Amino acid sequence: MTPSARIEIHSFKTMTLSDKQFLKGSTDGIPARISAELRLPRGTTKVAAVILVHGSDGIGANVDSWARELNRIGVAALLLDSFTGRGITQTVTDQSQLGHLAMIFDAYRALDLLSGHARIDPSRIAVMGFSKGGFVALYASLKRFQRIYAPNGLEFAAYIPFYAPCNTVYIDDEEVSDRPIRLFHGTADDYVSIEPCRKYVERLRRAGKNIQLTEFAGAHHAFDNPVYSPACFRPDAATTSQCSREERPAGEIVNLDTGQTFRWSDACVKRGATLAYDPVATTEAIRAVKAFVTATFNLWN
């Protein structure tokens with residue numbers, strides 16, 4: 001694969017917000033400093049970029065591979081690390097260490113950072129994420145969240161979530177960006193179920209949004225990560241696949257089975273998930289993403 005022509009390490013300020021704080025529009029979170037690795041393709045002109053948002057295990061082999069694939073087509077990749085600066089190694093066993101929503105705030109700060117870089121075209125920055133990061137890449141598209149937290153005058157050019165959790169209904173969650181959203185998910189995923197994403201995508205399509213879900217038959221969670229070959233079962237992984245949740249006013253996330261505020265100790269939260277590399281699904285996903293990025297960013301010219 002074509003190596004990056006230049007690698008830069010950037011450190012920047014963010015804050016850690018609880019889910020409730022985020023949903024209420026609070027800016028009183030705990031200050032934090034995180035970092036990101038920017039991999040630039042060769043040349044001196046401005047290029048498009050994709051912010052890569054990791055999952056619950058942190059930056060892994062799949063994030064590295066995607067950065068290389070993007071560099072090959074002349075696109076910069078920013079590998080966002082939401083964990084290390086906060087002293088977190090992984091959230092697989094304890095998702096309460098850092099909420100999914102807090103990482104949306106990180107992604108917006110990364111967008112702000114990249115938009116001022118001399119080599120990056122601020123009008124051509126997409127976000128792509130995996131699992132917990134896939135949630136970020138999907139829900140960063142909500143106009144409500146953008147109005148509160150996104151940099152003024154800036155928006156992602158595209159949203160590319162991989163095996164994202166879609167099992168929480170948020171207030172005004174059909175009011176998403178008019179920019180394209182492309183989801184990728186395996187039908188055999190027992191960590192993050194595909195079914196809620198099917199329902200959410202259908203709601204958004206009825207609302208006239210530019211969204212598509214690509215399904216890979218028989219593919220498990222993290223199907224694009226070669227580390228999971230052979231397949232790996234994580235008995236300690238906390239999964240909410242059997243939970244149905246909904247946001248209520250005042251920033252409360254309610255477990256619809258109990259009618260009470262969702263807690264990670266709820267009965268619907270289970271342990272155990274399969275992670276398995278699927279070379280066929282990965283090849284198809286690479287082809288689809290590169291074609292989409294090429295068209296979206298007009299890389300032919």
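Read on for a plain summary of the structure. The numbers attached to residues start from 1 for each chain and follow its sequence in the written order. Under the rules for a predicted model, residues below a pLDDT of 70 receive no local features and side-chain atom pairs below 80 are neither given nor counted, while totals for whole chains, interfaces and linings still include all residues. Side-chain numbers here rest on the full set of heavy atoms in the structure, without hydrogens or water.

1. What about the environment of Cys 166?
Okay, step 1: Along the chain, the position of Cys 166 falls in the loop between strand 6 (159-162) and strand 7 (168-169).
Okay, step 2: Here the alpha-carbon distance between Cys 166 and Leu 138, two residues 28 residues apart in the chain, equals 8.7 Å.
Okay, step 3: In what follows, a contact means two residues having at least one pair of non-hydrogen atoms within 4.5 Å. Dropping the residues within four chain positions of it, Cys 166 is found in contact with Leu 138, Tyr 139, Leu 183, Pro 196, Cys 197 and Tyr 200. Each helix is a run of DSSP H or I of at least 4 residues and each strand a run of E of at least 2, with the numbering of both proceeding from the N terminus.

2. Some words on the packing of helix 3 (residues 100-115) against helix 4 (residues 132-139)
Okay, step 1: Between helix 3 and helix 4, the least distance of the axes is 9 Å, while the angle of their chain directions is 60 degrees. In terms of orientation, helix 3 lies oblique with respect to helix 4. In this structure, helix 3 meets helix 4 at a crossing whose hand is right-handed. Residues His 100, Leu 101, Met 103, Ile 104 and Ala 107 of helix 3 pack against Lys 132, Phe 135, Val 136 and Tyr 139 of helix 4.
Okay, step 2: Counted by class, the contact of helix 3 with helix 4 contains seven nonpolar, one polar and one charged residues. Orientation is described by lines fitted to C-alpha atoms, with helices fitted over the stretch in contact, and by angles between N-to-C directions that extend from 0 to 180 degrees. An angle below 35 degrees is treated as roughly parallel, one above 145 as roughly antiparallel, one from 65 to 115 as roughly perpendicular, and anything else as oblique. Rotating anticlockwise by less than a right angle from the far helix to the near helix defines a left-handed crossing, while the corresponding clockwise rotation defines a right-handed one. Amino acid classes used here: Ala, Val, Leu, Ile, Met, Phe, Trp, Tyr, Cys and Pro are nonpolar; Asp, Glu, Lys and Arg are charged; the rest, including Gly, are polar.

3. Considerations on helix 4
Okay, step 1: Per-residue accessibility, obtained with a 1.4 Å probe over protein chains only, is compared with the maximum for each type, and a residue is labelled buried under 20%, exposed over 50%, and partly exposed between these values. Burial analysis of helix 4 places eight of its eight residues in the buried class, the great majority of the element.
Okay, step 2: Of the residues making up helix 4, those classed as buried are Lys 132, Gly 133, Gly 134, Phe 135, Val 136, Ala 137, Leu 138 and Tyr 139.

4. Comments concerning the pattern of salt bridges
Okay, step 1: Within this document, salt bridges are pairs made up of a side-chain nitrogen of Lys or Arg and a carboxyl oxygen of Asp or Glu, the two lying within 4 Å of each other. This model, assessed by the stated rule, comprises 20 salt bridges.
Okay, step 2: Residues Lys 290 and Glu 69 are paired through a salt bridge, measuring 2.9 Å at the closest nitrogen-oxygen approach. Highlighted residues: Lys 290 in helix 7 (residues 279-296) and Glu 69 in helix 2 (residues 61-72), separated in sequence by 221 residues. Side by side, Lys 290 and Glu 69 carry an identical accessibility label, which is buried.
Okay, step 3: Here Glu 202 ties to Arg 206 by a salt bridge, and the two come within 3.7 Å at their closest N and O atoms. Remark: Arg 206 and Glu 202 occur in helix 6 (residues 195-206); sequence separation between them is four residues, near one turn of the helix.
Okay, step 4: Residue classification places Arg 206 among the exposed positions, given a relative accessible area of 60%.
Okay, step 5: Salt bridges sharing common partners tie together Glu 37, Arg 39, Asp 64 and Arg 68.

5. Some details on the sheet that holds strand 6
Okay, step 1: DSSP-based pairing: two strands are paired if at least 2 bridges between them are found. Spatially, 1-2-4-3-5-6-8-9 is the arrangement adopted by the eight strands of the open sheet, whose pairing is mixed. The open sheet has two free edges, formed respectively by strand 1 (6-16) and strand 9 (211-216), since each of these has just one partner strand. Between one strand axis and the next, the sheet turns through 20 degrees on average, direction left out of account.
Okay, step 2: Note that strand 6 and strand 8 (residues 181-186) share two bridges and pair parallel.

6. Focus on the side chain of Ser 26
Okay, step 1: Its location among the elements puts Ser 26 in the loop between helix 1 (19-24) and strand 2 (30-40).
Okay, step 2: At 3.0 Å, the side chain of Ser 26 forms a polar contact with the backbone nitrogen of Asp 28.
Okay, step 3: Not counting residues up to four positions away in its chain, the partners in contact with Ser 26 are Leu 17, Gln 21 and Tyr 149. Between N or O atoms, a polar contact is any pair within 3.5 Å; within protein, one atom must be a potential hydrogen donor and the other a potential acceptor, and residues adjacent in sequence are included only when both atoms are from side chains.

7. Some details on the packing of aromatic side chains
Okay, step 1: The criterion for an aromatic pair is that two Phe, Tyr or Trp rings (for Trp, the six-membered ring) have centres within 6.5 Å, with stacked assigned to planes under 30 degrees apart, edge-to-face to planes over 60 apart and tilted to the rest. All chains considered together, the criterion is met by 20 aromatic pairs.
Okay, step 2: Ring geometry for Phe 135 against Tyr 170: centres 6.2 Å apart, planes inclined by 70 degrees, an arrangement best described as edge-to-face. With Phe 135 in helix 4 and Tyr 170 in the loop between strand 7 and strand 8, the pair connects residues that are 35 residues apart, well separated along the chain. The two residues Phe 135 and Tyr 170 agree in class, both being buried.
Okay, step 3: Joined through ring pairs, the aromatic side chains of Phe 22, Phe 105, Phe 135, Tyr 139, Phe 145, Tyr 149, Tyr 170 and Tyr 200 make up one cluster.

8. Quick word on helix 6
Okay, step 1: If you check helix 6, its first and last C-alpha atoms are 17 Å apart, about what 12 residues at 1.5 Å a residue would give, namely 16 Å.
Okay, step 2: Among the residues of helix 6, Pro 196, Cys 197, Tyr 200, Val 201, Arg 203 and Leu 204 are the ones counted as buried. Projected down its long axis, helix 6 shows its buried positions confined to an angular sector of 160 degrees, all on one face. Across from the buried face of helix 6, at angles greater than 90 degrees, the exposed residues are Lys 199 and Arg 206. Multiplying 1.5 Å by the helix residue count minus one yields the expected span of that helix. Arc, as used here, means the arc of the directions from the helix axis to the C-beta atoms.

9. Some words on the state of the cysteines
Okay, step 1: Here, two cysteine sulfur atoms that lie within 2.5 Å of each other are counted as a disulfide. Overall, the coordinates contain two disulfides when judged by the stated rule.
Okay, step 2: Covalently, Cys 166 is tied to Cys 197 through a disulfide, its sulfur atoms 2.0 Å apart. The disulfide joining Cys 166 to Cys 197 has a torsion of about 80 degrees about its S-S bond and is therefore right-handed. Highlighted residues: Cys 166 in the loop between strand 6 and strand 7 and Cys 197 in helix 6, separated in sequence by 31 residues. Neither residue differs from the other here; Cys 166 and Cys 197 are each classed as buried.
Okay, step 3: Put simply, Cys 243 and Cys 268 are joined by a disulfide, and their sulfur atoms are 2.0 Å apart. Between Cys 243 and Cys 268 the disulfide shows an S-S torsion of about 100 degrees. By sign, it is right-handed. Of this pair, Cys 243 sits in the loop between strand 10 (232-239) and strand 11 (245-248) while Cys 268 is found in the loop between strand 13 (260-261) and strand 14 (270-275), placing the two residues 25 residues apart along the sequence.
Okay, step 4: For Cys 243, a relative accessible area of 2% corresponds to the buried category.

Read these as layout, nothing more, since geometry by itself doesn't imply function.
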